[in-house]
Amino acid sequence: MSAPTQAIGELRGFLHGLPGVDRVGAEARAATLASRSIKTTAKQWALDMAISMIDLTTLEGQDTPGKVRALCAKAKRPDPADPTAPMVAAVCVYPDLAHVAAAEVKGSGVHVASVATAFPSGRTSLEVKLADVKYAVSAGADEVDMVIDRGAFLAGDYQLVFDEIAAVKDACGDAHLKVILETGELVTLDNVRRASWLAMLAGADFIKTSTGKVTPAATLPVTLVMLEAVRDFREVRGRQVGVKPAGGIRSAKDAIRYLVLVNETAGEDWLDPRWFRFGASSLLNDLLMQRTKMATGRYSGPDYFTLD
């Protein structure tokens, strides 16, 4: 079931045949893993790993080329006073600013991600969505974050959602596709599991929790369900897919909780920026503050690092 020509009944039957999610159990397991204490060298490693997994993001109507250039400078050199701090994974911007980001990070190893498909609502025609994607890629984006049609999904029109994802994947060319489920609008964890599998079957390279524009955004129980999905998908289909929680992850403590969740749910193979990302704007500063504290024994004030 990997082509957009699958019969509607077959797709629906598969998705509704997935095991149900025990919400109480998922919340309890996420809470237990979140209580793990990570210290000393393990914490140092976790802070650097979290920094290297960030998609440093600005998605505001008031974004300017200057703001994007500043963001790219920070992505390449997060702590100007410490060259050992790792670069982030990517900068994430709107399509019309992708060319600015691409020029700024060229040759650095930092990727350019761009939201597309009428982000954040997804409420437009497929023709417009595909044009949005092609525009972003032609401007220099090598990663595209698309939003699914949540209305179609909730109405049970899985084939429409599947076909749109497959068409967007084709329009991406060589760019990686992250499929945003907007889990805050999917109502149940069963729907999160179904949407995760639907996106992966249609060709997603990553599944992403949220646009960051809807509450709730990323949560540990939702990410747990998505991590279980990518783990099981690889076992069944032989293809590894990444996971990206986004929205509301602001502290180093929160980021480390997610890394524990990744390790204990999907496994060490996902502890890599190629397979796990954080969509965030303010998280980086707290990670840098905690990193400085471990190196010097004292905190730098929040204004020591640039505001994003």
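Conventions adopted
Residues numbered from 1 in each chain as written. Predicted model: local features only at pLDDT ≥ 70, side-chain atom pairs only at ≥ 80, totals over all residues. Heavy atoms only, no water. Helix = DSSP H or I, 4+ residues; strand = E, 2+ residues; numbered from the N terminus. Buried < 20%, exposed > 50% of the residue type's maximum accessible area, 1.4 Å probe, protein only. Lys, Arg positive; Asp, Glu negative; His and termini not counted. Salt bridge = Lys/Arg side-chain N within 4 Å of Asp/Glu carboxyl O. Polar contact = N/O pair within 3.5 Å; in protein donor to acceptor, adjacent residues only side chain to side chain. Contact = heavy atoms within 4.5 Å. Pairing = 2+ DSSP bridges. Axes fitted to C-alpha atoms, helices over the stretch in contact; angles between N-to-C directions. Parallel < 35°, antiparallel > 145°, perpendicular 65-115°, else oblique. Left-handed = near helix turned anticlockwise from the far one by under 90°. Nonpolar A, V, L, I, M, F, W, Y, C, P; charged D, E, K, R; others polar. pLDDT = per-residue confidence, 0-100. Phe/Tyr/Trp six-rings, centres within 6.5 Å; stacked < 30°, edge-to-face > 60°. Core = buried A, V, L, I, M, F, W, Y, C linked by side-chain atoms within 4.5 Å. Expected span 1.5 Å × (residues − 1). Arc of directions from axis to C-beta.

## What to know about the side chain of R194
Consideration 1: Mapped onto the secondary structure, R194 falls in helix α9 (residues 189–201).
Consideration 2: Despite being buried, R194 has no salt bridge partner; D190 is the closest side chain of opposite charge, sitting 4.7 Å away.
Consideration 3: A polar atom in the side chain of R194 sits 3.3 Å from the side chain of N191.
Consideration 4: Contacts of R194, omitting those with residues within four sequence positions, involve L15, H16, L18, F153 and Y158.

## Things to note about the sheet that holds strand β5 (residues 176–180)
Consideration 1: Taken together, the eight strands give an open sheet; going across it, the order is β7-β6-β5-β4-β3-β2-β1-β8, and neighbouring strands pair in parallel fashion. Each edge of the open sheet carries a strand with a single partner, namely β7 (242–244) and β8 (278–280). Each neighbouring strand pair of the sheet contributes to a mean axis angle of 25 degrees, computed without reference to strand direction.
Consideration 2: Of the strand pairs in this sheet, strand β3 (residues 111–115) and strand β4 (residues 143–147) are connected by three bridges, and their pairing is parallel. Its bridge partner lying in β4, V115 is registered against D145.
Consideration 3: Across the face of the sheet, helix α12 (residues 283–296) comes into contact with β1 (54–57) and β8 while running at roughly 125 degrees to β1.

## A look at the packing of helix α10 (residues 220–237) against helix α11 (residues 252–265)
Consideration 1: Closest axis-to-axis distance for the α10/α11 pair is 10 Å, and the angle between their directions is 30 degrees. The pairing of α10 with α11 is recorded here as roughly parallel in orientation. Seen along the crossing, α10 lies across α11 with a hand that is right-handed. Touching L220, T223, L224, L227, E228 and R231 of α10 are R257, Y258, L261, V262 and T265, all from α11.
Consideration 2: Looking at the contact of α10 with α11, its residues break down into six nonpolar, two polar and three charged.

## Considering the confidence of the model for the chain
If pLDDT is low for a region, its predicted coordinates should not be looked at in detail.
Consideration 1: Scored by pLDDT, the chain has a mean of 94; 94% of the residues are at 70 or more.
Consideration 2: When the criterion is pLDDT under 50, residues 1–5 qualifies, and its contacts beyond four places in sequence or with other chains add up to 14 contacts.

## A closer look at the packing of aromatic side chains
Consideration 1: What the rule picks out here adds up to six aromatic pairs.
Consideration 2: Relative to F119, the ring of Y94 has its centre 6.1 Å away and its plane inclined at 75 degrees; by these criteria the two rings are edge-to-face. Remark: F119 occurs in the loop between β3 and α6 (126–138) and Y94 occurs in the loop between β2 (90–93) and α5 (98–105); sequence separation between them is 25 residues.
Consideration 3: Residues F153 and Y158 carry aromatic rings whose centres are separated by 5.2 Å and whose planes lie at 55 degrees to one another, so their mutual orientation is tilted.
Consideration 4: A residue is classified by how much of its surface remains accessible, and F153, at 1% relative accessible area, is buried.
Consideration 5: Ring pairs connect the aromatic residues F14, W197 and F233, which therefore count as one cluster.

## Re the nonpolar core
Consideration 1: Counting 96 residues, the largest nonpolar core has V91, I165, V179, F278 and L287 as its most contacted members.
Consideration 2: Every residue in contact with L287, bar those within four places of it in the chain, is listed here: L47, A50, I51, I54, A252 and A255.

## Re α6
Consideration 1: The terminal C-alpha atoms of α6 lie 18 Å apart, and with 13 residues this matches the ideal 18 Å at 1.5 Å per residue to within 8%.
Consideration 2: Within the span of α6, buried status applies to K129, L130, V133 and A136. All buried residues of α6 lie within an arc of 125 degrees about the axis, which places them on one face of the element. In α6, the exposed positions that point more than 90 degrees away from the buried face belong to E127 and S138.
Consideration 3: The secondary structure elements touched by the buried residues of α6 are α5, β3, β4 and α8 (158–172).
Consideration 4: Positive backbone phi, at 120 degrees, marks G140, one or two positions downstream of α6.

## What about the pairing of β1?
Consideration 1: Burial along β1 is two-sided: the residues I54 and L56 and D55 and T57 are all buried.
Consideration 2: Of the pairings in the sheet, the one linking β1 to β8 comprises three bridges and is parallel in character. Bridging across to β8, D55 finds its partner in G279.

## Some remarks on helix α2 (residues 23–34)
Consideration 1: Between its terminal C-alpha atoms α2 stretches 16 Å, which fits the 16 Å expected from 12 residues at 1.5 Å a residue.
Consideration 2: A26, A30, L33 and A34 are the residues of α2 that are buried. Taken down its axis, α2 places every buried residue within 105 degrees of arc, on the same side.
Consideration 3: The N-cap of α2, judged by a side-chain oxygen 3.2 Å from the amide nitrogen of V24 a few residues on, is D22.

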